[in-house]
Amino acid sequence: MFHHYQKESVTMNAIYRVSRIVAACLVLASPVSAQQAADRIWFGGPILAMNDAAMRVEAVAEQGGKIVAVGSKANVMKLKGSKTEMIDLKGRTMLPGFVDAHGHVTAGGLQALAANMLAPPDGNVKDIATLQQTLRDWIAANEATVKKVNLIVGFGYDNATLAEQRHPTREDLDPISKDVPILLVHQSGHLVAANSKALEIGGITAETPDPAGGVIRRKSGSKEPDGVLEETAAFPLLGKLLGQVGAEGGKTFVRAGSELWARFGYTTAQEGRATPAVVAMLRQVADAGGLKIDVAAYPDVLIDREFIKKTFSPTYAGRLRVAGAKLTIDGSPQGFTAWRDRPYYKPVGNYPPGYSGYAAATPEQVIDAINWAYANDVQIITHVNGEAASDLHIAAHTLAQLKHGGVKDRRPVLVHGQFLREDQVDSYKRLGVLPSLFPMHTFYWGDWHTSKTMGPVLGQNISPTGWVRKRGMIFTSHHDAPVAFPDSMRVLDATVTRVARGSGKVIGPDQRVDVITALKAMTIWPAWQHYEEKTKGSIEVGKLADFVILSRDPTQGDPNTIDRIKVTETVKEGTTIFKLTAQESRKADLMLKPDGRGEYAFARFLRAAAAHREAATFPSSAQGGEMLHSHDHESHDVSCTSPVLIDLAAAIASGKVAVLN
């Protein structure tokens, strides 16, 4: 399919460009009228168009939210009218707005609306007093939000770095607020500190017994809770708090999620595994004009297919559309729940000999779901990590194409594809399945893969972008937020360098790609993934004026410094929706963010909750009754936290308690 796509796109792009050039010449041949004049013109810095026919241009003009001229500054300036806004980039670099190939924007709202409790240099919390002041500053900066969601959440405090060498208690948090619940998550993700109101909502009193696997810490000489909860005593409280935010609070999370994506230059986001309730909440926000960027939602195909058929649409309404269906075949590579075709290298946990993971769906479910998608012309994106999961995925698509034909432009997507054999890449090319890969894994978990999951040899080939390009295929790169930040420059950096954060080693030198290729995997190729390449993904006449402006050109300078580039502005259909001002920088300092190692407590909390949930749901295996699951939260990632994310999003959407353990 991709070879066919490339041939067709070259021909169609040529025709398209010629027609636009002719139209532009006709316009520029005569004086500019008020109707012909551009609303805005950008110039004065590198402009990377992501168009092979004209990769670098000098200026871009927009009118009515669409691009009306691209090219030399002299030609584009001919569309300058008396009311045209002239925007000097002043050396900054403009690209097409980033298109999210896979993420979870609703749960990302919680990520966006959390206070930064980190110690210096990543935050300001040095002792109980500065912890309290940081909370007060965050509340003042987010006063309207606190009123709407009736919740204050902070992530990343560490008793070991506090001067008092202790956890904050309810007595420390109650002076901040006695009426609004406060929940602070420890840097480890395994403990929380709550105020009295949060304990009240959680029903945690002196009479509440410690749950299995958890501890409710008590005041000295008393059974009265002191506000600090450990492990299974901690996880359910966030679910209960999210369940009480109400419909309006849930909408605030949605808006915050879309704003967070815009902060990192994304003009299109994805809700990568939705429920009908989440889509309904997204629709309410969209209809009220509350989405700053486009959101493409993919409801779970194993939950409600009739809902998907009813709501599926190729066009946006209020910047929202149900774009297809989501299927999940297996779990997490790091958590050893991805379904492999061979044993894990050195799994951490109590696993039987030869353990190779397991499927999260039956072969019958997978084959039936993909067949349904083909029969109903619904795009299906599928979470697949292990080789055995890919074997089933490939078989299901092969059967569906034998039955329904492989000619239609269905654009099925492989999501993640961490552990792929090279022959499987050949099969995906034959079937026309687009790989949406996760090279950011090389930064976060590259060392773990080479030492624990796959070993030093096979671990070099996680997220094999090099194999894909060797075959002339396109691919997309994603972040899968909120377990990782939707940090576009981290995505770009990892796709280009593949440097592991711990060891500093390059994971799979042969799988690296150049900067332009990596940028295509964040712009024009994910636009194609979403069937939106005619309107997004490159700076060409007729497309939407969706742009991201960076502090410098990522194609210039040391590639190992790409992660230091800043998104300074995001433009959606000609209108600036984010600008990196001093006020926004201050807000970012107060907002949850990764620490100096690129880690953060929200991710750890979700991974820990997922590990405990797995232990409760799957306490033993069919392979001799041995415990299959590693309870080391560090080994868990977004792949295995997907059910937790769905619980959180469902709690936000429906006002019902999330089940986190």
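Attention in this report is confined to the structure presented alongside it. (Residues numbered from 1 in each chain as written. Predicted model: local features only at pLDDT ≥ 70, side-chain atom pairs only at ≥ 80, totals over all residues. Heavy atoms only, no water.)

Considering the pairing of strand β14 (residues 294-299)
Taking burial as the measure, the 6 residues of β14 include 6 buried ones, the bulk of the element. With burial as the criterion, each face of β14 is covered, one bearing Asp294, Ala296 and Tyr298 and the other bearing Val295, Ala297 and Pro299. Judged from the 5 bridges that link them, strand β13 (residues 266-274) and β14 form a sheet pairing that is parallel. Counted as the bridge partner of threonine 268 is aspartate 294 from β14. Handedness of the β13-helix α10 (residues 276-287)-β14 crossover: right-handed. Sheet topology note: the β14/strand β15 (residues 320-322) ladder contains 3 bridges and is parallel. (Buried < 20%, exposed > 50% of the residue type's maximum accessible area, 1.4 Å probe, protein only. Helix = DSSP H or I, 4+ residues; strand = E, 2+ residues; numbered from the N terminus. Pairing = 2+ DSSP bridges. Right-handed = clockwise from strand over helix to strand, strands pointing away.)

A short note on empty space enclosed by the protein
According to the stated counting rule, one finds 5 cavities of 30 Å³ or more in the structure shown. Volume-wise, the largest cavity comes out at about 70 Å³. Together, Tyr444, Trp445, Val483, Arg501, Gly598, Glu599, Tyr600, Ala603 and Arg607 line the largest cavity. Among the secondary structure elements, those contributing two or more residues to the lining of the largest cavity are α15 (441-453) and α22 (601-617). A class-by-class count of the residues in the lining of the largest cavity yields 5 nonpolar, 1 polar and 3 charged. (1 Å grid on protein atoms, 1.4 Å probe; cavity = no way out; pocket = protein on both sides within 12 Å on 5 of 7 lines; lining within 4 Å. Points joined across faces, edges and corners; volume = space filled by probe spheres on them. Nonpolar A, V, L, I, M, F, W, Y, C, P; charged D, E, K, R; others polar.)

A word on the environment of lysine 240
Topologically, lysine 240 is positioned in helix α8 (residues 235-243). A C-alpha to C-alpha distance of 9.9 Å links lysine 240 and isoleucine 652, two positions 412 residues apart in sequence. Apart from the residues lying within four places of it in its own chain, the contact partners of lysine 240 are Ile201, Gly202 and Val657. (Contact = heavy atoms within 4.5 Å.)

Brief notes about the packing of helix α9 (residues 246-263) against α10
Here α9 crosses α10 at 75°, and the two axes come no closer than 10 Å. It follows from the interaxial angle that α9 and α10 lie roughly perpendicular. On α10, the residues touching Gly250, Lys251, Val254 and Arg255 of α9 are Met281, Leu282, Gln284 and Val285. Residue classes in the contact of α9 with α10 are distributed as 4 nonpolar, 2 polar and 2 charged. (Axes fitted to C-alpha atoms, helices over the stretch in contact; angles between N-to-C directions. Parallel < 35°, antiparallel > 145°, perpendicular 65-115°, else oblique.)

Some remarks on unusual backbone geometry
The omega angle of the peptide bond from proline 120 to proline 121 is 10°, so this bond is cis rather than trans. Inspection of the secondary structure puts proline 121 in the loop between β7 (115-116) and α4 (128-141). Note the cis peptide between alanine 481 and proline 482, where omega equals 25°. Within the chain, lysine 90 stands out as a residue other than glycine whose phi angle is a positive 55°. By secondary structure assignment, the location of lysine 90 is in the loop between β4 (85-88) and β5 (93-96).

Looking at the pairing of strand β11 (residues 214-218)
With 4 bridges joining them, β11 and strand β12 (residues 225-231) adopt antiparallel strand pairing. Bridge pairing in β12 links glycine 214 to glutamate 231. The turn linking β11 back onto β12 is made up of 6 residues, and glycine 221 within it adopts a positive phi angle of 75°.

Quick look at α10
An ideal rise of 1.5 Å per residue puts 16 Å on 12 residues; α10 measures up with 16 Å between its terminal C-alpha atoms. Along α10, the positions that sit buried rather than exposed are Val278, Val279, Met281, Leu282, Val285 and Ala286. The buried residues of α10 occupy one face: seen down the axis, they fall within an arc of 160°. Just downstream of α10 lies glycine 289, where phi reads positive at about 75°. (Expected span 1.5 Å × (residues − 1). Arc of directions from axis to C-beta.)

Geometric values such as these leave the question of function open.
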